[in-house]
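Chains, contacts and geometry: an overview
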Amino acid sequence: MTLAAADGGEPLIRWDWIGDHTGQLADLTAHHLKLALLPILFGLVVAIPLGLLCARWRWLYPPTLGVANVLYGLPSLALFMLFIPYFGIGSGGRADFTIIVPLTLFSLSVLVPNVVDGLRSVPDPVRQAATAMGFGTLRRLIQVELPIAVPVVIAGARVAAVSSISLVSVGTLIGNGGLGQLFVDGYSRDFTTPIIVSCVLIIALALISDGVLVAAQRLLTPWARRGTR
Amino acid sequence: MNLADQIKDAWTWLTASAHWSGGDGIPHRLLEHLGYSALALVIAALIALPLGALVGHTGRGGFAVVTVANFARSIPTLGLLLLVVTVTSIGLTPVIIPLIALATPPILVNTYEGVRGVDPDIKDAARGMGMTGPGILLKAEVPVAMPLILLGLRTAAIQVVATATIAAYAGIGGLGRYIVDGLARKDYPSVVGGSVLVVLLAVIVQLAFVGIRRAVVSRGLRN
Amino acid sequence: MIQFDGVTKRYVDGTVAVDDLTLQIPTGQITVLVGPSGCGKTTTLRMINRLIEPTSGTITIDGEDVRAQDPARLRRGIGYVIQHAGLFPHRTIVDNIATVPYLLGWDKKKARTTALELMERVGLDTKMARRYPYQLSGGQQQRVGVARALAADPPVMLMDEPFSAVDPIVRKSLQDEFIRLQSELRKTIAFVTHDIDEAVKLGHTVAVFKVGGVLAQHSTPDELLAAPADDFVREFLGGEKGLKRLRFNRDLDRQDEPGVEAAER
């Protein structure tokens, strides 16, 4: 059962290995999802109020954007390292936050600008009409501007989720990378099957999450013109 | 160990003169890092800029472009690197391939969206003045889309610079050596110091793009 | 009645948008504010519901100073229609119309019933109630905008170029229906336009503004056409040629719709 022969006649994929490891694969997949998607959830919880604040007090936005840009340029591994002293190393329990907190910061670097852009995408006449009908600032932000920003926010969440799912695997270098564990496992044994399987699973997770978010947007924004986003 | 100590140790590490010369010195590693990053970025740009511009101009294949970009974004960089190393051997190829995969999506999508999003009236006026397809693309659409195209290049550049640390896993150096070696030796000042250098590089790339934007984007389009 | 008393709006950079304006907008009538761009007509309108605060002078509605009231509460009691409708893209038509009733805490069912009645009133098929704004034409969106302003039955309506963004044929039908609607509702309306034809057609009285926010003339359309107060007004009306055309159109309108004539005088 060989897919293709690599050097030395070793098959690129050994299907029987997959059959023997379904339990482990399922566990790693579940853990991977937890490590990747909790940051998106936390990121949204922080980014929405933060974006609203930046929309309300405009002077807040340039410094916030600056911080977001710097965060975006950090090597993920370095950021993981930074939190080892606080949450420890290894997989599961408290040590998971060594991965989750940095990935939350990364998601913020994508989500905050998107929340602000979304709020700014509200057409001026709509904002004016809301004010003129007697919406106060806060009520207008929450009932009018935020719902209109949803498509842009979800577009950001899609990018953040896909990168987050891919980035979790870097955590394997400090012993907690979900499916990424199999990269190092395969690499150290010169055995391609686990690397390919985990890569395929990670890509599949990313594409499925993306699909779920697209579906969520369709459901949440029936008012959006089809095809504009 | 608290944050202040981490910073202090990293500073000591960064300013130690021994770290500033020789094959494992900061200048040499920095050049390696920049070299791999630039090579990957240039190749990605050569693929993504023409493709994105063409698809945006013709309007055909947009869905495919976005799908491919999404797919490429989801590829785990480290996994691809270790896979290529395992299948071939250590060297430049296993580093450059994942970095290209990383850099292509933002350039491709932004170029496509930028060109596609050019006001139809501008295209219409260009055609009305007698411009043909390539003329419209190069003289009207690309300049108008330039802010978005540069944004895509910037995003790609920053991600590549931050991720080129993985070159250390393919045995070809770069600033990642300080992080990877430090990790193996539990030498945290080296890890933090190496990370600081990568961040500085990313910030410099950001600033460089501010300059490029000044030079390349028409003043009528800024802001 | 809306009363402006010596109202001036001066911006921090020194430009004067409205200069010592004294003007009455009578109850139950349409008062059109007209003039070239930069004449302060929109600023004048927006000071009524405190979207802009005057630098000096007072504005009262039925004797009550607008500045004595909470801005949000004041605005909920004043209908407001703008050029691009400004409908909420994320709400259905019926919910758009019911916006102010919801804000006022009406029962949801009552608000929706009112909204549906208003749809018919402004000439919209109630089948559209569940649609979203993007599914409507510009003219239909504008009707929704008018219905939304009427929803809480405010005595005062402010309209800022409400019919300017639609094509001439749709504009004419919107104007005609607006006249019909007003003959039933008798709201106190301040209506801003830059289109003198529209001003003469809709206004019980017309207030012509000059650049710099100076009121040049305030009179009935017939008086305006018969005796322009100065050269500026004469030129704004299009000189002798323009006046001739406007008078001619006015006679035509009268023959077309005798009901309007009765409503006006």
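What counts and how
- Residues numbered from 1 in each chain as written.
- Chains lettered and ligands numbered in written order.
- Predicted model: local features only at pLDDT ≥ 70, side-chain atom pairs only at ≥ 80, totals over all residues.
- Heavy atoms only, no water.
- pLDDT = per-residue confidence, 0-100.
- Contact = heavy atoms within 4.5 Å.
- Salt bridge = Lys/Arg side-chain N within 4 Å of Asp/Glu carboxyl O.
- Helix = DSSP H or I, 4+ residues; strand = E, 2+ residues; numbered from the N terminus.
- Buried < 20%, exposed > 50% of the residue type's maximum accessible area, 1.4 Å probe, protein only.
- Patch = residues over 30% accessible without salt bridge, like charges linked within 9 Å, V, L, I, M, F, W, Y side chains within 5 Å.
- Areas by Shrake-Rupley, 256 points an atom, 1.4 Å probe, with all protein chains shown as cover.
- Buried area = accessible area lost by both parts, 1.4 Å probe.

Let us look at the confidence of the model for chain C. In the predicted model, chain C carries a mean pLDDT of 91, and the fraction of residues at 70 or more is 96%. pLDDT under 50 marks residues 258-265 of chain C. Its contacts with residues more than four places away, or in other chains, come to 9 contacts.

Once that is clear, we can look at the pattern of salt bridges. Taken as a whole and assessed by the stated rule, the structure comprises 26 salt bridges over all chains. The closest approach of N and O atoms between Lys34 of chain A and Asp96 of chain A, which form a salt bridge, is 3.0 Å. With a gap of 62 residues between them, Lys34 of chain A in helix 2 (residues 22-56) and Asp96 of chain A in the loop between helix 4 (76-87) and helix 5 (97-120) connect regions that are remote in the sequence. Its relative accessible area of 38% is what places Lys34 of chain A among the partly exposed residues. Residue class for Asp96 of chain A comes out buried when judged on its relative accessible area of 1%. The closest approach of N and O atoms between Glu184 of chain C and Arg121 of chain C, which form a salt bridge, is 2.9 Å. In this pair, Glu184 of chain C is assigned in helix 7 (residues 168-185) and Arg121 of chain C in helix 5 (residues 108-121), connecting sequence segments 63 residues apart. Owing to a relative accessible area of 36%, Arg121 of chain C belongs among the partly exposed residues under this scheme. What emerges from the salt-bridge pattern is a single network uniting Arg121, Arg143, Glu177, Arg180 and Glu184 of chain C.

On to a nonpolar patch on the surface. The grouping of Val45, Val46, Leu50, Leu53, Trp57 and Trp59 of chain A at the surface amounts to a nonpolar patch, some 590 Å² of accessible area in total. Position of Leu50 of chain A among the secondary structure elements: in helix 2.

A word on the interface of chain A and chain C. Often the size quoted for an interface is simply the accessible area lost on bringing the parts together. The interface of chain A with chain C comprises 19 residues on the first partner and 23 residues on the second. The largest contributions to the chain A side of the interface with chain C come from Ala132, Met133 and Trp223 of chain A, which together make up 34% of the buried area. One can count 0 salt bridges joining chain A with chain C. The set of elements that each furnish at least two residues to the side of chain A that touches chain C consists of helix 6 (124-132) and helix 7 (137-168) of chain A. Counting residues per element, the side of chain A that touches chain C draws most heavily on helix 6 of chain A, at 7 residues.

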